[in-house]
Each structure stands twice: as structure tokens, then as C-alpha cells.
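Working through the structure, step by step
Residues per chain, in single letters:
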Amino acid sequence: MKFLSTLSFLFFIAISFAQNPDKKTLGHEELVTWNRIQSEQISKDGNWVVYHLHPEQGNKTLKIYNAQTKKTITFPRSEAAKISADSRFVVFKIKTDWEELRTLKRQKTKKDDLPKDTLGIYDLNSGKLEKIAGVKSFKLPAKWSGWLAYHKEIEKIEKDTTAKEKPKAKIKKESKKSGTKLVIRDLNSSEETIIEFVKDYVLAKEGKRVLMNSTGKDSTFTEGVYLFDCQNIALKPIFTNEGEYKNLTFDEKGEQVAFHLNLDTTKMQIPPFALAYWKDGLTQAKIIVDTTSKILAENWRVSENGRLRFSKNGQQLYFGIAPLPILQDTSVLDEDIVKVEVWSYSDAVLHTQQNNRLAREKKRTYGAVWNIAENQLVQLGSKEIPEVRFGDEGNANYALGYNDMPYFKEFSWEGVSRKDLSLINTKNGKSKIIARAIEGYTSFSPKAKFIYWYNRLDSAWFAYEVASEQLRQITNNEIVTYYSEIHDTPSHPYPYGIAGWTENDRYILVNDRYDIWKIDPKGNEKPIKLTNGRVNKTRYRYLRLDPEERNIDLSQPILLNVFDEKSKGSGYATLDAKSVLKTLVFDAEFRYDSRPKKSENADRFLFTKENFQTFPDLYLTDMNMTNPDQISNANPQQADYSWGSIELYEWTDLNGNVLTGQLVKPENFDPSKQYPMLVNFYEKSSDRLHKHRAPYPHRSTINYSFYASKGYLVFNPDVPYRIGYPGESALNAVLSGVTSLIDKGFVNREKIGVQGHSWGGYQVAYLLNRTDIFACAESGAPVVNMFSAYGGIRWGSGMSRMFQYEHTQSRIGGTIWEYPLRYLENSPIFTLDKCNTPVLILHNDKDGAVPWYQGIEYFVGLRRLNKPAWMLNYNEEPHWPLKLQNRKDFNIRMQQFFDHYLIDTPMPQWMERGVPAIEKGILQGLEMKE
């Protein structure tokens, strides 16, 4: 047993506080109390910004910023805020205090008796807040204003203990089955309309209407679907009858309604759902499709699992149909049912994948359309065309069909999906195949004039013109390559994507590594480069500011994100109609938000900027980036803590190549001193140099700012891979980088640890058998035996793992029969006797990505060889711990492990003696040996 010596204790204190004696060191409390900014919104008039501060553990806080007064209003314990369409109100939920709720749970308070949410309605003009208790949900209209709908929680009816006789009449009670009160509120007058026993409700996007399903109250208000007209303050019955109602749907303008209904009262095994439709002028909704409709083939039905949607112009109603499911004979006893899986080599899909998809397959639907004006029902999808997508927001006369069934079997070992494409006429259902075995993303252009895709087999973009039925290859990679230039896996390279289409589908804007190109999908014009980033290794990407935007208008200035590959800095630029690039802001030391937000009706723009030391707070400015105002200060307490800095580090590897990585240094770094160092890596991470690493209990990796605050160096090297030799590639890059840093003189060569998870965990395990440079290592969910892993299953998807080794991340480049020596050489299990480094392994028993037995093979092998090793298995957790209590625990144990070996703190009891099964969940063994 090791005891903490006076010298090592003083070293620990010196390292932890050498940065700045007046500042605190980050601890595990900060990992769960540090704020994140979530759900930021900007009002349509640009005068208000709403966002939430969200700690990992504790209460959320709502912030409302006034852009005119530059003041912020704070509402504690508040979340889920929405701004009304007229920028007049903010509506949100007020929650019970987090600690108070925990206290009630400790007291075993029943769930139904716990405090319910309160609705907050804040008037931005008057500054008044109104609270309404017991609210389950609320909805604000997207395009119209002045109204709010909120759904109440179940109201408990208190028993009258003074009554001598029970009431003769049975009073209907609210419940999940019968529904609760829906309140529709005029926000301007505060007048409310209450509809009782509502189960579901939706708001129209544009028309001032609310659609709901109520189970009814009495003979004056019966069960059915009702429409509330906010303009006329009138409740209209759409369809009334006892039954089951699902998927209430409006068209865009709120003038048409569709829903599924089941009027069967005999509780059939397969509910006979029908499709109902209503529009203005009808006194009652009519049945469009039911079990007797001709569109349904024998043993097919309307599926309540199919999404209902109207086309944008309201002329088509899309729905789903499905074959009748196979049912178990109810007369067969459970004890007589044989449950056996029959696996056949001829199966197109592995049984594991079938089981994974079972719930979805039971709900699978096939597309159909009702052309409303023609009263014409057309089946679009089928078992031969299982997936259908609609063009021009449903307005087009054609749909795009996908069929990946012919390629299911190869998917098991190739890991990529191929599909045949069909063009389907939505007026008559006729289809024809327009392309086969397409490997890549496929879609309609916005106006559905073209179907476009990138085919990885050809490394090229294609466009199929619907009107002329012509297919054209629109890129050829002669001037520039539109596929990944740094692709390093044994597979076909991916593209850099597209920016979008110009108006009326005239041009498609395609990205290369650095620039945006304007390409004629008809092939009549030569491609035009709109930006000029390749010269300086600067990447330009289009920023879509309007979530409903369909076309890129090049006649107006467009906003671009700018990224410099050399400095890793970024910023924003505009491109005007004359293709003139204007840089609005660029900073080599910062990372600018790649998903900024713009107000809909004003020249105001919301963004963040960050680097290692700067939290990504919110900034508000105009579209020219004139004097941005910082409007949030999520974590002012950061100034009280030692933090550190980050820099780009370059070195030369064993082959003479210049490599790049990230180096984190503690605050007040002194190059004349020696520091313990943690090495953490995955593949290539240096492009994220300026990402802020806020304290956070991560599920799988170390927190850089946390360890820097404690006095550690952190090194993250980029790894360039050679196909067939991934382990050797990692060894070359990591070891050359570490030794290069040791040569600088500020790294304590005896106190270097390494950490990685999944692919990183594998690489860590490989390194430890070939070098003793590390004092300790944490390896999370590692593959240590590529032979057994190759034949394993990714339980999260049910897929065979073969594709990973043959084509993707594991980079072997072939089967175990083609390259058995590569699998042998890259499997740490076969050289485990060479490992002399203490190892902490994390591998959970419900891992759906890396089989749990890989961690077991690693641990029992080390244990058999009497190598110091520990394994953490968080029961019922997947590839990494997700539950907060488990993430907190993992971070504590990982820190204790590293601190013990790297700064000589005492060994905790869980390392000294383990945690016996009988103590699991009771005694954690986190206490230090005194």
C-alpha cells in the first residue's frame, strides 16, 4: 500500500496552485454547476433575445434581453420559453426548485403528488408577469399572434367528508384517458375559453385556429374533434362520435383539416382506422379512406402510424397505408409458443438488424396521396418502393421513391447504403427507375425540377432533369476536387456538400474543400467559383439565416462563415451580387458561431464567439457586424479560477512529416518547470483549437480546462493514418509528439498519462504494448481483439462489425481472410504481455457500438498477467455513461486514478481493494487511504 509522502504532497499542492495563488482550482462541483446557454431566440422585430442558462445539475434560468434598453430580465427556475409572433409576449414554464423536488422524492412522495409546473406569461410592453398553476403544456402560434393555448394538468377532486350520502350521478373525472382542460387565451384581453377533457390539440401555422380532440362531457358536448376559431370566438364540432382520434393536422392556412379516426367499439386486434377530412363549408368531416376504399389492396389498411401532411399549396393530402400485420393466434397458450430465430445465409438482413428495426417495421407505412380537387386517391409507395419523398414542399406532380432492399446484404460488410431511385407520378402512381445503386445523399431541388445526388462510387455530383428525363454528371473533379482531399479510410470519399440552390432551380452551389462553386445543372455553362479561399487555405461556407429559406438569392449579399486552416481562426464575410467578398470580422484566435440567428423582420443578428479561455456568450449586432454587444455573461465566476491556455503545436514525426496538435498549458505556465501531462486524442482534432472547453462531467473523455486548472499539461495530437496500419500510425504520431514535447524540458517524462475512448481507447491499448513512456492510461470501450470484434455485432443497430474494418474507421482495408496478419498485428490482445502500464478500463454492459466482451477480454488478460488494471462497468449504460450520477462518478474515479500515478496522491479504496458486488451502489470506495 502506498502512502502520500510529505514531499509528494507538497508537490501536489505546488502543481495545483502554482498558476495563481489567488485563484481557485476547478473541482467536480464546477463540472455540474457551470452554465450552458440553450434555446436562444431572437424576436421577429429584433428587439428581444430570449435564452436559458442551464447547469448540468440544478435550476435553469430564463434571461430576456431588451436590445433597446440593453437590460436583461431574469426569471429563475424557468425554461421552455417562446416569443410570440408579434414580439409582445414571452411564455414559459416555471419549475419547482430542484433541491425542493429532490427532498420530496427522498420523502417517497408519489409522482402524481409532486408539484406541477406553473405557466409564466410575461408582457414585454408592460413588464407584467402572470402565473397560472398546474399547466402540462402550452403552444404559441408560429405565424399569428395574440393567442395562447395551454393544457392543464389533471385536477384532483377532493372528497367531501361532510357529505352524508354519496351523489347518485357519476361525475366524469379527468385522467390520461379522458383528457384535461384546454384553455385558449386571448393574450391582449386575458379572456379565456375552456374546453374540457381534451386529449390532444394543434395550432394552425397561419390561420387563427386551434384543433382539438375531446372525449366530451355530456350530451351537450360529445366526444369528437372540434375547431376553435379565434377570430370569431367560436367552437365548431368537426366530427362527433365515440372513438379514437389521432394525428390532428391543419393545412398551411388552417382552412383544411385531416385526422385518423377509429370508430370500432369492439376492440378489434387491428383497429380499423380511417382517414377523415374537413374544410370550410363542410358541416362535418367526411371519411376519405376506410377499409372499403379501392386504393387499399386486399389485406391492406389505412395506417395511423403514417404522417398526415398537406402540400404547401393545400391541393394534396399525403398519408400512409400498410399491409395488415401478422397476428398471434390468441387461442395458443404462452407455454406452447415456440420462440426461435431461424437465421439463413440467404437473409437479406441479419436477424440482429431485423430485431433492431422490429418496432419501426411494425409501424412501417407506405406513401399515398389524395389529390383533393380531383378527389383522386393514389398509392405511391409499395414494398418495392418502401420510402417516398415529396418535391416542392408537396406541390410537385412527382415524388421520389427509394429502394435499398437489393443492397441490404452487402450493407452488412460495406457499411454504406445503396438505393435505386424511382420517379413516381402523384396523379396516377406510375413509376420508373431513374438510377440504380446510388451510394450517397439524394433529394429534389427546391422547385423539384431536378433530382440531385452525389455518388461516392463516381466521386461526382449528378442532376436528373425531370422535364427532359436527362441525367447529367455536373462535376468532374478536373479543375478542383469536390470530394474529401484528406480522406484516409479504405472507402469511397465523401463530398463537401452543397450550399443550396438559387431561385427557380437555376444553379446549384457546390462546396469544394475551400470554396463555393456555381454550377449549371443543365451543363450548358462552365462552373464559376464564387469565393477564392484555396489560395490562402481559407474555407467559405454559406450560412442559412432563415430556417424557411428554400433558395439562395445571389442578387442580395449572402453571409458566409470563414475558417482559416492554418490559424484555426474564423469569422464572417459577405458575398454580393458582383461576387465581391467582404470580410466583416475575422479573428485568428477565435471560433465564430456556424449557426447564427437573424431576426425575421429586422437587421439584427445573434451569434457567439469562443476560444479556450472565452465562453461562447451571445452577441447581438447588425448584419454589418457593427459594434457587437455582448448580451450574456453565463459564467462570470470563471475569472475566479485558474484556467490555462491552448496553442497549436507542430513537430516532425518518424517519417519526416510535419504534424499538428493542440497543447493546453496551465495558467502562469513556467517553461523552466516540469509538469505532469495527459495525452488525449481520437483522430484529428486541431481544427477545434478555439473551441471552449467549459467544465462538464463528460461521458467519455477528460475535460481540458479541469485538468489544466489542476496544473496538468494536456496534449492532443492529430493522427494521419496509413491504410492497414492504424495502430502503427497512432504510435508514430503520438510517440513522436510526446517525445518532442519532452525535449522542450517542461514535461515530467515520468508523469505522463494517456486517455482515449472507443477508437481512442483502442489506440491507447495498442500504444501501451509498444512503449513504456506512459505512467498510466485510461482506455474506454476499446477493441483489443480485431478477430473477435470483426465477427461481432453493433447491438445499437444490429449491424455486423465487418464494415468498420474493411472500409471505415478501423482502416484494415480487407477481410480477415485477405489480411489475417494485419488483424493480428493491430490487435493489442496478442501482445498484452508487453504492457507495463497501469490501465483503467471503462466498458459498459449495454454498449451498442463496441461489444462489451472486448473490455472483458482486455481486463481478464491483464488480470491473468498480473498487470495493474481496473474496469468500470456502469450497469445498463451504453457506449458511455449517460446518467448524470454515473458521469460524475466516472470523472471522479478517472481523476483519482490519474492523480495517484501522476501527482502522487493516495490511492483511493476502490483502487486499493476494489468494490465487492455486495457493496455495489452502497459503498463506492472513493475515500482516500489516510
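As a reminder, the structure under discussion sits directly above these lines.
Thresholds, definitions, all that
Residues numbered from 1 in each chain as written. Predicted model: local features only at pLDDT ≥ 70, side-chain atom pairs only at ≥ 80, totals over all residues. Heavy atoms only, no water. Helix = DSSP H or I, 4+ residues; strand = E, 2+ residues; numbered from the N terminus. Buried < 20%, exposed > 50% of the residue type's maximum accessible area, 1.4 Å probe, protein only. Contact = heavy atoms within 4.5 Å. Pairing = 2+ DSSP bridges. Axes fitted to C-alpha atoms, helices over the stretch in contact; angles between N-to-C directions. Parallel < 35°, antiparallel > 145°, perpendicular 65-115°, else oblique. Nonpolar A, V, L, I, M, F, W, Y, C, P; charged D, E, K, R; others polar. Phe/Tyr/Trp six-rings, centres within 6.5 Å; stacked < 30°, edge-to-face > 60°. Lys NZ or Arg CZ within 6 Å of the ring centre and 35° of its normal.

Attention shifts here to the side chain of Ser758. Position of Ser758 among the secondary structure elements: in the loop between strand E50 (747-757) and helix H8 (759-768). On the accessibility criterion, Ser758 (15% relative accessible area) is buried. Ignoring sequence-local partners within four residues, the contact set of Ser758 consists of Gly780, Ala781, Pro782, Val850 and His879.

A separate point is the pairing of strand E33 (residues 498-501). Sheet topology places E33 next to strand E34 (residues 508-511); 3 bridges connect them, and they run antiparallel. Opposite Gly500, over in E34, you have Leu509 as the bridge partner. Between E33 and E34, which pair antiparallel one after the other, the connecting turn spans 6 residues, and Asn504 there sits at a positive phi close to 60°.

At their nearest, the axes of helix H7 (residues 726-744) and H8 sit 9 Å apart, and the two run at 75° to each other. Viewed along their axes, H7 and H8 adopt a mutual orientation that is roughly perpendicular. Residues Pro726, Gly727, Glu728, Ala730, Leu731 and Val734 of H7 pack against Trp759, Tyr762, Gln763, Tyr766 and Leu767 of H8. Looking at side-chain class alone, the contact of H7 with H8 contains 8 nonpolar, 2 polar and 1 charged residues.

The next subject is the sheet that holds strand E10 (residues 147-152). Taken in spatial order, the 7 strands of this open sheet run E9-E10-E11-E12-E13-E14-E15, and their pairing is antiparallel. Strands with a single pairing partner mark the edges of an open sheet, and in this sheet they are strand E9 (135-139) and strand E15 (234-240). Each neighbouring strand pair of the sheet contributes to a mean axis angle of 40°, computed without reference to strand direction.

Along helix H4 (residues 351-362), the residues that are buried comprise His351, Thr352 and Gln353. Buried residues along H4 sit in contact with helix H5 (408-414), strand E52 (793-794) and strand E53 (799-800).

Sheet architecture is open: 4 strands sit in the order E29-E30-E31-E32, paired in antiparallel fashion. Each edge of the sheet is formed by a strand with only one pairing partner; in this case those strands are strand E29 (442-444) and strand E32 (470-473). Strand-to-strand twist in this sheet, taken as the mean axis angle between neighbours without regard to direction, amounts to 20°. Pairing analysis gives 6 bridges linking strand E30 (residues 450-455) to strand E31 (residues 460-465), with the strands arranged antiparallel. Each bridged residue has a counterpart across the sheet, and for Tyr454 the counterpart in E31 is Trp461.

Relative to the assigned elements, Asn551 resides in the loop between strand E37 (538-542) and strand E38 (558-564). It is 5.0 Å that separates the C-alpha atoms of Asn551 and Thr502, two residues lying 49 residues apart in sequence. Residue contacts for Asn551: discarding those within four places in its chain leaves Pro446, Trp501, Thr502, Glu503, Asn504 and Asp505.

Below, the discussion takes up the packing of aromatic side chains. The full count for this structure, using the stated rule, is 46 aromatic pairs. Where Phe607 meets Tyr619, the ring centres are 5.5 Å apart and the plane angle is 20°; that geometry is what we call stacked. One end of the pair, Phe607, is in strand E43 (residues 605-610); the other, Tyr619, is in strand E44 (residues 618-621), with 12 residues separating them in the sequence. Tyr619 carries the same exposure label as Phe607, and that label is buried. Ring centres of Trp870 and Phe897 lie 5.9 Å apart, and the angle between their planes is 70°; on these two criteria the pair is classed as edge-to-face. Taken as a pair, Trp870 in strand E55 (residues 869-872) and Phe897 in helix H13 (residues 884-902) lie far apart in primary sequence, 27 residues in all. Given a relative accessible area of 0%, Phe897 falls into the buried group. Its end group placed over the ring of Tyr507, Arg506 keeps NZ or CZ at 4.3 Å from the ring centre.

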